[in-house]
Structure formats: structure tokens, C-alpha cells
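# Structure assessment
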Amino acid sequence: MRNSAKFKKRLADTIAYLILIIFAVIAVYPILQVLSISLRPADRLLSTSLAIIPDDATLAAYQELFTGRPFLLWMRNSILVSFVVTSTGVALAAMAGYAFSRFKFRGKNFGLLSLLVTQMFPATMLLLPMYIMLVKLGLINTFLGVIIIYSSTALPFCIWTMKGYYDTISPSLEEAARIDGCTQFASFYKVVLPLAAPALVIVALFSFMTSWAEYVVAAQVLQDTGLWTLPVGLQTFQANMSTEWGLYAAASLIVSIPVVILFLALSKFLVSGLTLGSVKG
Amino acid sequence: MLERNRKLFPYVLILPAALVMIGVVFYPFIFNVILSLSNMSLRNFREWQIIGFDQYYKVFFEPSEPSFYTVFFKTIIWTVVNVTFHVVIGVMLAMLLNRQIKGKSVFRTLLILPWAIPQYIVALTWRGMFNYEYGSINLMITHYLGLPAVEWLRSPTEAFIAVIITNIWLGFPFMMVIALGGLQSISHEYYEAADIDGASAWQKFRNITVPLLRPVMIPAITLGIIWTFNNINVIWLVTNGGEPADQTHILVSYVYRAAFGLYRYGYAAALSMVIFFILLIFSLTFMKRSQATRSAY
């Protein structure tokens, strides 16, 4: 009897491992595929081999990417745009979220509700009117143009997340600071903000990802090759599959690795932030 | 003086964010409403005028290929199939990861990867993998299974399946992570008590896991539905803008095509409004129905 229970457990464990391994392979395979293509020599890009590390592996694609293509320029553009979107987004959300969490004021409920409603806007709804506005303001083909559009996608979510996190911090800390003679702003800035560091990290990661990995808007607004961000540049490599597939593969690995590391390190916070924001919504 | 300052403080904090929101969200939204009532297009870019509800009429009744109803139907299939697979695979993997097994954190990390990679890279990579001659999917089908290669990106149905496969791949880790968080908060005592009563594995799943996981999963599923419904990146990049012949659109990519491919601004704005109301009504009813579960929190 005990033996059969043991056997049953063993069998269940084996099946569990088997399923996990199958899905892990499915999850990793496309990434290995990209690695494989990035290592192929240029005349063997269109190979029908399924080997992961090609026989005549070379780093030529990486070299071409850095020396022969405006890859570093696109990277600089992406970093610039993402940096501006992230820093303004975090600053504005940190302040507005605090007001929504701690104070009663006129228009508070309307404000919170309208932030929530923006999450139901179809992805393209604000893009068209904003595109026309940018045309009329002469902001097409400028970084300011994409930065303006990106801030509209990230900000509502960031404010909600910050508010949700501040709600979990006890107001007694600020009261104590105020009794000690801190001004309202100082008690927010010096006492509450440091405690909200995990939420600030989530909000920063989220704003960064929206701009770092955005294609659809950038493709419409940025038209000069010199102004392209990474997603637009990489798409053109992929479009010329026969000749530039290796460049695409090499570039996408370089672009993904830092983000993936960041993401894995922060994924626990990210999820708690997401569920908190949506549950309280 | 102090009292007045205290009342002003929240407004000072909100002001910068409010100004940005008015500029980049509210104003464009109002502008979109106006556009949807106008005849603006590339031809009438300067001399456009308000023409009433004509564009809305066109959305519903203008004969076009593909029609609004076809695309709407495809969007529903797209959303339901994707979210169902995300939840089923995600919950299954989370339950496996929640067992006492070795190498748990390695599996967890590997399984989260599809979510961590930028979406456009996922989409473009899968587009390469679905290539007819050189894509690894067809190579595997012909090499290992000995079946004929599939014309993934050249015929409408196969292309639509290809996009769905891509989106399932990148979406299951989110549900897995959420479900894992939920499972870890369920006390072991319930299962031990069930064991003493001689409950089967299925009974335990049905009567302990499902009801206790529900409050965690419902908000995640709501979010998942809105995200999937709205996900233009994957469909646009995998099918290269709706190929073949605009047969693989969902509503959001259809709007994008009307606006930036066909320059029908008024029409695209009206279509956007229709989609917005569909999502709004869905979200409100869904949230109301899950109100009861939320109080369990």
C-alpha cells in the first residue's frame, strides 16, 4: 500500500518534470534560434539546418552592426527618448499618486475614474488625433513628438500604481514628522518617498519598457533614418530577410539582454504592482 | 494661512500631471470625437468640416473588404482563444511549479522569458520562424514529422493561426506568475484536511484551488482581455500589416490601417470610438460581476 502511494508520487513528479521541460524548451527555443542566426556567416543566412550553433560560427554580424550600421545612433536615440519619458513619468506619478492617496479634494474621484477609463482606450485611438496635432505643430520627425505620445500611455498606469502603494504606507509616519516640524512637502519627500522605493522602481521599469520597445508610434512619427529608435531600425533589418537577417538577430539579442536581466530581477515587484493596481481599481 | 496652504497642497502635487494629462489625453480624446463627426482625410486635411454621424454609419454599413463584422468576429476569436490558452497553460505551469520539486527557480526563470523580451522582437522573430522555406517551424514539420510544409504567412487562416501561436507564447508567463502568487497564498491545511477526507486530486482542484485562485485571477483576466483585444504590435508585425490582403486584421490594426495606410482620418476616428465603447461596456459589466469576489480580498 505504501509502495503504491510512493510509486504514484514518483509518477506524478516525472510527469510534472516532463511538462515543465517541454514548456521550458518551447520558451527558450525562439531565443536560441535568434542566437543561431546571429552567428551564421552572411552567405549562409538562409540555411535549412536546425543546428543551434552553426558549424562555421562567426561574429561578423555583430561587427557589421557596430561599425557599418547606425545601430549605436539608434540606441542613443532610444536611450534618450526612454530616459526623458521615464524620468518625467516617475516624477509626475510620484507626486500625483501621493495627492490621490492622502488628500480629499474636489475632482478626486473624477480624476481617478478618468485615469482608469484611459486604460480602455483602444491602442490607436489617441494616436490619430495626436498625430494630426503633431503635424500641425510641426513636431513630426522630432523626439519631442514621440515623447509626448509615450507619456500619455504610461502616465495613468503609473499614477494608479503609486497611489495603490502609498495606500499601504501608514499615514502615522508623516504625522510624526509633521509634529517634529517638517513641512508638508518635506514629510512627503523625506519620509514617504523613500518608503515607496519599490513602487518607484516598478513605475520606472514600466515607463522605460513602454518607450524602449514601442514600434507602432515611432514608425509613424520618426521618418529620418538618423532619428529612428531601435524598434524601427530592427524592423527594417527583418524586412530584408535574405540579406540582413543576421543583423536583425544580433541586434535583437543586444537590445533584449539588458531588459531581460532587469525584468527578471524585478519581476516579483512588477507582479505585485500589477495586481495591486488592478485589484484596487 | 497654514490652513490655506494645507488645502492647496494636493492641487500643487497634481497640477503637473494634470496639465500633461489634459494635453496628451483629454484634448486628443475630444479632438478624436470631433474628427469622428467630420469628413477629414488626407484630401480634406485643411478644409474639413463637421458632417454628423456619416462616418459611424459607414463603420457599420459601408460594404468593405473585410467588413467591420468580420473583423469584429475575428477580434473576439483572437481574444477568447488567446486568453483561454494563457490562463490554462499559466495555471497548469503554476501548479506544477508549486510542487516540491528541484530546480524550481530555474524553471521559473526560463518560463518567464517570453514575457521579458520586448514584444516587437518576439513578433519579428516568430515572423522569421514562420517563413515558408527557411523558417524553423516548417523545417521541423518537414524534417521530424515528415509532413508537407505549411504556407504560414501566405494564406489568411494559417497566418491568423501563426499570430495566435505567437501571442500565446508571449502571454502565458504573465498568467503563470499571477497564478503562482495566488497558489502560494493558499494554506496547506486545506489540502491536508482534504487528504484525510480521502478527496481525489480532481476534487481538491475543483473545491479548493479553483475557488481560492479565483479572486487573484479575475483582475488578471480582465487586464489580459483588454491587453489582448488592444494588442496591435503582434498582429501588425507578424503579418506585416495585415497580409495577405488585409485578411488578418483585428479591430485595432484595422483602425491603424484606415488611419495610416488609407488616410481616412474621420472614418478611423469613428471606428476608434466604437471600439472604445465596446471595451468600456465589457469592462464595466465584467468589473460589476466580479465585485462580489473583490470583497473577499
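Rules and cut-offs
Residues numbered from 1 in each chain as written. Chains lettered and ligands numbered in written order. Predicted model: local features only at pLDDT ≥ 70, side-chain atom pairs only at ≥ 80, totals over all residues. Helix = DSSP H or I, 4+ residues; strand = E, 2+ residues; numbered from the N terminus. Rg over C-alpha atoms; globule rule 2.2 N^0.38 Å. Contact = placed C-beta atoms within 7 Å. Domains from an automatic or database assignment. Axes fitted to C-alpha atoms, helices over the stretch in contact; angles between N-to-C directions. Parallel < 35°, antiparallel > 145°, perpendicular 65-115°, else oblique. Left-handed = near helix turned anticlockwise from the far one by under 90°. Nonpolar A, V, L, I, M, F, W, Y, C, P; charged D, E, K, R; others polar. Core = buried A, V, L, I, M, F, W, Y, C linked by C-beta atoms within 7 Å. Buried ≥ 20, exposed ≤ 12 C-beta atoms within 10 Å, placed from the backbone. pLDDT = per-residue confidence, 0-100. Expected span 1.5 Å × (residues − 1). Bend = angle between axes of the 7 residues up to and from the residue.

## Thoughts on the overall build of chain B
Within chain B, the regular secondary structure consists of 13 helices and zero strands. Secondary structure elements of chain B, listed N to C terminal, follow the sequence α-α-α-α-α-α-α-α-α-α-α-α-α. What you see for chain B is a C-alpha radius of gyration of 24 Å, clearly larger than the 19 Å of a compact globule of 297 residues, by over 25%. Contacts in chain B between residues far apart in sequence, at least 24 positions, make up 67% of those at least 6 positions apart.

## Things to note about the domain arrangement of chain A
Taken as a whole, chain A is organised into domain 1 (2-60) and domain 2 (69-280). Computed over C-alpha atoms, the centres of domain 1 of chain A and domain 2 of chain A are 34 Å apart.

## A look at the packing of helix 3 (residues 68-97) of chain B against helix 7 (residues 156-184) of chain B
Residues and elements named next belong to chain B. It is at 6 Å that the axes of helix 3 and helix 7 come closest, and there the two elements cross at 45°. As judged from the angle between their axes, helix 3 and helix 7 are oblique. Our pair here, helix 3 against helix 7, has a crossing hand that is right-handed. Across the contact of helix 3 with helix 7, the residue classes tally to 18 nonpolar, five polar and no charged.

## Looking at the packing of helix 9 (residues 201-229) of chain B against helix 12 (residues 265-289) of chain B
All names here are of chain B. Following both chains from N to C, one finds helix 9 and helix 12 inclined at 170°, their axes separated by 11 Å at the closest point. Between helix 9 and helix 12, the interaxial angle falls into the category roughly antiparallel. The residues of helix 12 that touch helix 9, namely those facing Thr-222, Ile-226 and Phe-229, are Leu-279, Ser-283, Phe-286 and Met-287. Across the contact of helix 9 with helix 12, the residue classes break down as five nonpolar, two polar and no charged.

## Digging into the nonpolar core
One finds Ala93(A), Ala96(A), Ile159(A) and Val255(B) to be the most contacted residues of the largest nonpolar core, which totals 158 residues. Of the residues that make up this core, three or more belong to each of domain 1 (2-60) and domain 2 (69-280) of chain A. With near-sequence residues (within four places) excluded, Val255(B) lies in contact with Pro122(A), Thr124(A), Ala268(B), Leu271(B), Ser272(B) and Ile275(B).

## Overview of the interface of chain B and chain A
Accessible area lost upon the coming together of the parts serves often as the stated size of an interface. Counting residues at the interface gives 76 residues for chain B and 68 residues for chain A. With 17 residues, helix 1 (residues 2-36) of chain B is the largest single contributor of residues to the side of chain B that touches chain A. Grouping the constituent residues of the side of chain B that touches chain A by class yields 58 nonpolar, 14 polar and four charged.

## Thoughts on the confidence of the model for chain B
All names here are of chain B. Predicted confidence across chain B gives a mean pLDDT of 84, with 95% of residues reaching 70 or more. Helix 13 (residues 291-294) is the least confidently modelled element of chain B, averaging 48 in pLDDT, while helix 3 averages 92, the highest of any element. Within the model, pLDDT remains below 50 along residues 292-297, and this stretch shows seven contacts once partners closer than five positions in the same chain are excluded. For this predicted complex, the interface confidence reaches an ipTM of 0.83, while the overall pTM sits at 0.84.

## Details of helix 6 (residues 143-167) of chain A
Residue and element names in this part refer to chain A. Given a rise of 1.5 Å per residue, 25 residues ought to cover 36 Å, and the 35 Å separating the end C-alpha atoms of helix 6 matches this to within 8%. Of all the bends found along helix 6, the most pronounced is centred on Ala-154 and spans about 35°, while Pro-156, a proline, follows it within four residues. Burial runs high along helix 6: 22 of the 25 residues are buried.

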